[in-house]
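Residues per chain, in single letters:
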Amino acid sequence: MPDNRSTKAFKDSSNPTDGSKNSVSDRGPATAPESSPIAKAHEQIPIESIEAPKNLPAHGVWVYIEQLQGEVAPVSWELMGVGRQLADKLNCPLSGVLLGHDIQPLTELAFQYGADTLYAIDDPMLEPYTNECHSIALVQLCQAHHPEILLIGATTTGRDLSGSVATALRTGLTADCTQLDVDVDNRKLLQTRPAFGGNILATILCRDRWPQMATVRPRVFPEPEKQPHRRGALVWSDLGLDPSRTVMEVVDRILDERTEGYLDEADIIIAGGRGIGSKENFRYVEELAQAIGGMIGASRPAVESGWAPYSHQVGQTGFTVRPKLYIAAGISGAIQHLVGMQNSDVIVAINKDPDAPIFRVATYGIVGDAATILPALTLELGARMHGGPLGNERQL
Ligand SMILES: Cc1cc2nc3c(=O)[nH]c(=O)nc-3n(C[C@H](O)[C@H](O)[C@H](O)COP(=O)(O)OP(=O)(O)OC[C@H]3O[C@@H](n4cnc5c(N)ncnc54)[C@H](O)[C@@H]3O)c2cc1C
């Protein structure tokens, strides 16, 4: 998975998600044996399906605010932005859910990014994140307040958590949505994502289960503007979990020490595809990126050919990016690539085929050989950026 910034070592070396699945005490074959530690831990919280009536009153749109040691994952605020739009259409409140320890300083941020209400649980057992405690906490809050819609960022943590919570609540979950809207009359969340290998965009509905759950990758939606003076209602709850009955403990945290930054945070990306032709030619992509302070990106064939590492792949099975400038060289514009970059502010496409689909999403198109155009851009833009003979501008 692209978002792999930290790894956690658990005492229980089995997959943490499996643990939470087994947490549903009345689920038949998937139920953990009564005597197992997992079953014991979850006996404390009876997990039941939320069977809301068809004429469900507006219970609101919820956004899970992911935080690690007091730092909020930006995707949470991005979801607040789209959550606000959904809540306004449904004429219901937008709420945040914040779980952790010593989280008081973050509560104001939730309101500033658009939450009307913040449901929060502050407990030492919620720091650092474990699937076990966070899923129990989130399920508890959902059972108490019955949200209609629950949005979670498709980060490593969000993917881990959302599956467990959806399973426990026996509701539907659409992963990696690229668009969200609502059918106002029927109060249904319209969850659009690539399907069948990315060849179509499917809009998925969760017809009679609540909350309707969706995950969205970072940078799919823009971050809303912070409103420093905005306030809302803060609702604290208790976790009420006996530490001696939990089975999962984080014993170490090893942070990924990469220095080059993350592709989904880059403002400028120069991406190369199969049309670049060879690893040797890929240096034209690298040189332009270096000259204008960008990061390299790549289509899947370029990664599979060994021209760029997987951590630079853009698209359905790579990163979703939203830079200010995306230069796509020798990339045809297949839907699996487009879903990862089509929300970039300015897209410049370089392709020798004037009918290449990439030109349909491009702001500017250059028809020609990437091996000629990229070095020319490096010379021209590099000189401008560094105040050379072509000008003194330092900004593109
Ligand atoms: C489930 C699934 C997931 C996938 N996930 C991803 C993903 O995450 N990211 C991704 O990128 N793809 C992904 N793909 C693959 C995707 O379908 C396309 O095959 C891929 O994006 C094509 O890469 P490309 O544009 O580099 O190559 P091509 O489609 O082969 O296009 C090469 C382009 O280069 C142009 N060209 C050739 N020579 C030159 C030249 N000298 N100068 C300029 N232009 C030139 C050609 O005109 C052509 O348009 C996925 C596919 C599937 C089925």
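Residues numbered from 1 in each chain as written. Predicted model: local features only at pLDDT ≥ 70, side-chain atom pairs only at ≥ 80, totals over all residues.

In the annotation of an unreviewed UniProt entry, the protein is listed under the name Electron transfer flavoprotein subunit alpha/FixB family protein and assigned to Heliobacterium chlorum. Recorded in UniProt for the protein, the comment headed Sequence similarities (unreviewed entry) runs: "Belongs to the ETF alpha-subunit/FixB family." (UniProt positions renumbered as here; feature names shortened; annotations may be inferred.)

**Student:** Requested: an account of the site of the ligand, with residues and values cited.
**Tutor:** As a matter of local geometry, the ligand sits amid 31 residues, with Gly273, Gly275, Ser299, Gly315 and Ser332 nearest to it. When contributions to the shell around the ligand are tallied by element, the ones reaching two or more residues are helix 8 (300-304), helix 9 (335-341), strand 18 (346-351) and helix 11 (370-385). Of the residues assigned to the shell around the ligand, the class counts are 9 nonpolar, 17 polar and 5 charged. (Near = placed C-beta within 6 Å. Helix = DSSP H or I, 4+ residues; strand = E, 2+ residues; numbered from the N terminus. Nonpolar A, V, L, I, M, F, W, Y, C, P; charged D, E, K, R; others polar.)

**Student:** Go over the packing of helix 5 (residues 131-145) against helix 6 (residues 156-169) with me, naming the residues and quoting the values.
**Tutor:** To describe two helices that pack against each other, one gives the angle between their axes and the distance between the axes. Look at helix 5 against helix 6: their axes get within 9 Å of each other, and the N-to-C directions meet at 50°. Judged by the angle between their axes, helix 5 and helix 6 are oblique. Crossing angle aside, the handedness with which helix 5 passes helix 6 is right-handed. Across the interface between the two elements, Asn131, His134, Ser135, Leu138, Val139 and Cys142 of helix 5 pack against Asp160, Leu161, Ser164, Val165, Ala168 and Leu169 of helix 6. Partitioning the contact of helix 5 with helix 6 into residue classes produces 7 nonpolar, 4 polar and 1 charged. (Axes fitted to C-alpha atoms, helices over the stretch in contact; angles between N-to-C directions. Parallel < 35°, antiparallel > 145°, perpendicular 65-115°, else oblique. Left-handed = near helix turned anticlockwise from the far one by under 90°. Contact = placed C-beta atoms within 7 Å.)

**Student:** Outline the sheet that holds strand 10 (residues 188-195), supporting the account with residue identities and numerical values.
**Tutor:** Spatially, 3 strands are ordered 9-10-11 in an open sheet, and the strand pairing comes out antiparallel. In this open sheet, the two edge strands, each paired with only one partner strand, are strand 9 (179-183) and strand 11 (200-204). Adjacent strand axes in the sheet meet at a mean angle of 30°, parallel and antiparallel pairs treated alike. Looking at chain direction, strand 10 and strand 11 are connected through 5 bridges and run antiparallel. (Pairing = 2+ DSSP bridges.)

**Student:** Run through the nonpolar core, naming residues and quoting values.
**Tutor:** In terms of nonpolar packing, the biggest core is built from 57 residues, with Val97, Ala137, Leu138 and Leu151 touching the most fellow members. The biggest single contributor to this core is helix 3 (residues 74-90), with 8 residues. Those residues within four positions of leucine 151 in sequence are excluded, and the remaining contacts are Trp62, Val63, Leu79, Gly83, Ala214 and Val216. If you look at the next biggest cluster of nonpolar residues, it comprises 39 residues, including Ala266, Ile270, Ile327 and Ala370. (Core = buried A, V, L, I, M, F, W, Y, C linked by C-beta atoms within 7 Å. Buried ≥ 20, exposed ≤ 12 C-beta atoms within 10 Å, placed from the backbone.)

**Student:** Account for the sheet that holds strand 7 (residues 149-153), with residues named and values stated.
**Tutor:** With parallel pairing, the 7 strands of this open sheet are ordered in space as 8-12-7-2-5-6-13. Two strands close off the open sheet at either side, each with one partner strand: strand 8 (173-177) and strand 13 (233-237). For this sheet the average axis-to-axis angle between neighbouring strands, irrespective of direction, equals 20°. For strand 7 and strand 12 (residues 212-216), the ladder comprises 5 bridges, and the chain directions are parallel. The residue of strand 12 that forms the bridge with isoleucine 152 is threonine 215. Running at roughly 170° to strand 12, helix 6 makes contact with strand 7, strand 8 and strand 12 of the sheet.

**Student:** Account for helix 3, naming residues and giving values.
**Tutor:** An α-helix turns once per 3.6 residues; consequently, residues spaced three or four apart project the same way. A rise of 1.5 Å per residue sets the reference length of helix 3, with its 17 residues, at 24 Å; its end C-alpha atoms lie 25 Å apart and thus fit the reference within 8%. Of all the residues in helix 3, the buried ones are Val75, Ser76, Trp77, Glu78, Leu79, Met80, Val82, Gly83, Leu86, Ala87 and Leu90. In this structure, the buried side of helix 3 is in contact with strand 2 (61-65), strand 4 (71-72), strand 5 (94-100), strand 7, strand 9 and strand 12. Backbone geometry just downstream of helix 3 places asparagine 91 in the positive-phi region, at approximately 55°. (Expected span 1.5 Å × (residues − 1).)

**Student:** I'd like a rundown of the pairing of strand 7, residues and numbers included.
**Tutor:** Among the 5 residues of strand 7, 5 are classified as buried, and the element is accordingly described as predominantly covered. Residues Ile149, Leu151 and Gly153 of strand 7 are buried on one face, and the alternating residues Leu150 and Ile152, pointing to the opposite face, are buried as well. Where strand 2 and strand 7 come together, 3 bridges link them in parallel fashion. By the bridge assignment for strand 7, valine 61 is matched with isoleucine 149.

**Student:** Run through helix 5, naming residues and quoting values.
**Tutor:** Here helix 5 contains 15 residues, and its C-alpha end-to-end distance of 21 Å stays within 8% of the 21 Å for a straight helix at 1.5 Å per residue. Burial of helix 5 is extensive: 12 of the 15 residues sit out of reach of the surface. For helix 5, the full list of buried residues reads Asn131, Glu132, Cys133, His134, Ser135, Ile136, Ala137, Leu138, Val139, Gln140, Leu141 and Cys142. Backbone geometry just after helix 5 places histidine 146 at a positive phi near 50°.

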